[in-house]
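Read off the chains here:
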Amino acid sequence: MTSPFKFHDKTIFVAGGTSGINLGIAKNFAANGGNVVVMSRSQDKVDAAVETLSSYGFKSMGFSADVRDYDAVENAFSETVKAFGEIDVLVSGAAGNFPARATDMSPNAFKSVIDIDLLGSYHVLRASYPHLKKPGASVINISAPQAFVPMQLQSHVCAAKAGVDMLTRTLAMEWGAEKIRVNSIVPGPIKDTEGMARLAPTPAIIEAVKQSVPLQELGSADDIANAAMFLSSPVASYISGAILPVDGGWSLSGAGVMMDDLVKLMPK
Ligand code: NAP
Ligand code: COA
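Residues numbered from 1 in each chain as written. Chains lettered and ligands numbered in written order. Predicted model: local features only at pLDDT ≥ 70, side-chain atom pairs only at ≥ 80, totals over all residues. Heavy atoms only, no water.

Caption draft 1: Just helix 1 (residues 20-31), in detail. With 12 residues, helix 1 should reach 16 Å at 1.5 Å per residue; the first-to-last C-alpha distance of 16 Å fits that figure. By the burial criterion, the buried members of helix 1 are Ile-21, Asn-22, Leu-23, Gly-24, Ile-25, Ala-26, Asn-28, Phe-29 and Ala-30. One or two positions beyond helix 1, positive phi appears at Gly-33, with a value near 100 degrees. (Helix = DSSP H or I, 4+ residues; strand = E, 2+ residues; numbered from the N terminus. Expected span 1.5 Å × (residues − 1). Buried < 20%, exposed > 50% of the residue type's maximum accessible area, 1.4 Å probe, protein only.)

See below:
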């Protein structure tokens, strides 16, 4: 939790920051002095996250909002700025996932992931823009290896996260003149997360995943948080438009082992 980077008097907004990787990011910024705001659908998760974040001794607040609801997202940003001032760091990480063949999911199932991951990311970026610190804001989209590694049972997530990385690249260009930096972090398989529980649901698959990572281990939420703090620190001031894997080298090998085993578990 200690980091060489400090965020005292900085406002950090984490969309989807109430569990898993994103909560890990929020906690690390709070542990290093940041005033952290989280937003997700469940009021109970928001309340629990704010209680945890406040325990680090700095300011915290939260909003119950669905990233698919643009007005609710816009309201969360305007209330944040009224209370905490302009946003220094924006992390956009709300997402949904389930394993299913493209032909086994309904059009609405495919749409739900596109709406949360891709359209929701656009909503967060679009609504935050008037409130981002100019110059100097750091914007981080939480992507996934699916953005560039095609995976069976993941057509919806592959399509959505590829779009998220293109939002990173295009907005890095459009916002560069205002000295807003936009980057993606690509987590690999991260232990004790909902994403891993859904895509690696058995001990055998978890073990296969570990073996398929060049570093032979799963990552942690702290690994992702460290990358987020680095990207939001002054030493990263010339990094924009980057797609940064933090995955032990996993995406190099294409994630085939895990998905092959998962495909075998799916009903024909
Ligand atoms: P998680 O705990 O389920 O995190 C998802 C977060 O987003 C939760 O706080 C959830 O809270 C929120 N959320 C979901 N739908 C939302 C919506 N429609 N509107 C607002 N908030 C919403 O899962 P995770 O595994 O840690 O994943 C976090 C991020 O890392 C995701 O972007 C995921 O794609 C990425 N990732 C994860 C892994 C992994 O190994 N786990 C690998 C690569 C990438 P509510 O339920 O309260 O809405
Ligand atoms: N296989 C196939 N279709 C599925 C499915 C699965 N495992 N899970 C959900 N769906 C379908 C539903 O049947 C529904 O389609 P329908 O209306 O044609 O029946 C559609 O997806 C939307 O589901 P619903 O539960 O109404 O959506 P939601 O907006 O409440 O939830 C999800 C969105 C489905 C992505 C849900 O899993 C979620 O909230 N996930 C957040 C947590 C998460 O995924 N964490 C990992 C982070 S990557």
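Caption draft 2: Representation of the sheet that holds strand 7 (residues 243-246). Strand order in the open sheet made by the seven strands is 3-2-1-4-5-6-7, with parallel pairing throughout. On the outer flanks of this sheet lie strand 3 (60-64) and strand 7, each paired with one strand and no other. The mean angle between the axes of side-by-side strands here comes to 20 degrees, regardless of whether they run parallel or antiparallel. With four bridges joining them, strand 6 (residues 181-187) and strand 7 adopt parallel strand pairing. Within strand 7, the position partnered with Ile-185 by the bridge is Leu-244. Sheet strands touched by helix 5 (residues 155-174): strand 5 (138-142), strand 6 and strand 7. Its angle to strand 6, the strand with the most contacts, is close to 155 degrees. (Pairing = 2+ DSSP bridges. Axes fitted to C-alpha atoms, helices over the stretch in contact; angles between N-to-C directions. Contact = heavy atoms within 4.5 Å.)

Caption draft 3: Quick peek at the environment of Asn-75. Mapped onto the secondary structure, Asn-75 falls in helix 3 (residues 70-84). Once the C-alpha coordinates of Asn-75 and Asp-247 are considered, the two residues, 172 residues apart in sequence, prove to be 34 Å apart.

Caption draft 4: Representation of the site of ligand 1. Taken together, 31 residues lie near ligand 1, and Thr-18, Ser-19, Ser-40, Arg-41 and Thr-193 sit nearest. Gly-16 is positioned with one of its backbone polar atoms (N or O) 3.1 Å from an oxygen atom of ligand 1. Lys-161 is positioned with one of its side-chain polar atoms (N or O) 3.0 Å from an oxygen atom of ligand 1. Look at ligand 1: alone it shows 880 Å² of surface, and the protein chains cover 90% of it. Broken down by secondary-structure element, the contributors of at least two residues to the shell around ligand 1 are helix 1 and helix 6 (194-199). For the shell around ligand 1, the residue count by class is 13 nonpolar, 12 polar and six charged. (Near = heavy atom within 4 Å. Polar contact = N/O pair within 3.5 Å; in protein donor to acceptor, adjacent residues only side chain to side chain. Areas by Shrake-Rupley, 256 points an atom, 1.4 Å probe, with all protein chains shown as cover. Nonpolar A, V, L, I, M, F, W, Y, C, P; charged D, E, K, R; others polar.)

Caption draft 5: Region of interest: the site of ligand 2. The immediate surroundings of ligand 2 are formed by 15 residues, with Arg-68, Asn-97, Ser-106, Asn-108 and Arg-198 found nearest. Within the side chain of Arg-41, one N or O atom sits 3.0 Å away from an oxygen atom of ligand 2. Within the side chain of Asn-108, a nitrogen or oxygen atom sits 2.9 Å from an oxygen atom of ligand 2. In isolation ligand 2 offers 940 Å² of accessible surface; the protein chains occlude 56% of this area. Listed by contribution, the elements that provide at least two residues to the shell around ligand 2 are helix 4 (107-128) and helix 6. When residues of the shell around ligand 2 are assigned to their parent elements, the largest contribution, four residues, is made by helix 4.

Caption draft 6: The arrangement of the nonpolar core in detail. Judged by nonpolar contacts, the single largest core of 28 residues is most densely connected at Ile-25, Phe-29, Val-36, Val-38 and Ile-185. The set of elements that each furnish at least two residues to this core consists of strand 1 (11-15), helix 1, strand 2 (35-40), helix 2 (43-54), strand 4 (89-92), strand 5 and helix 8 (221-231). Discounting residues that sit within four places of it in the chain, Val-36 has contacts with Ile-12, Val-14, Ala-26, Phe-29, Ala-30, Leu-53, Lys-59, Ser-60, Met-61 and Phe-84. (Core = buried A, V, L, I, M, F, W, Y, C linked by side-chain atoms within 4.5 Å.)

Caption draft 7: View of helix 8. For helix 8, the complete set of buried residues consists of Ala-221, Ile-224, Ala-225, Ala-227, Ala-228, Met-229 and Leu-231. Taken together, the buried residues of helix 8 touch helix 1, strand 5, strand 6 and strand 7.

Shape is all these values report; function is a separate question.
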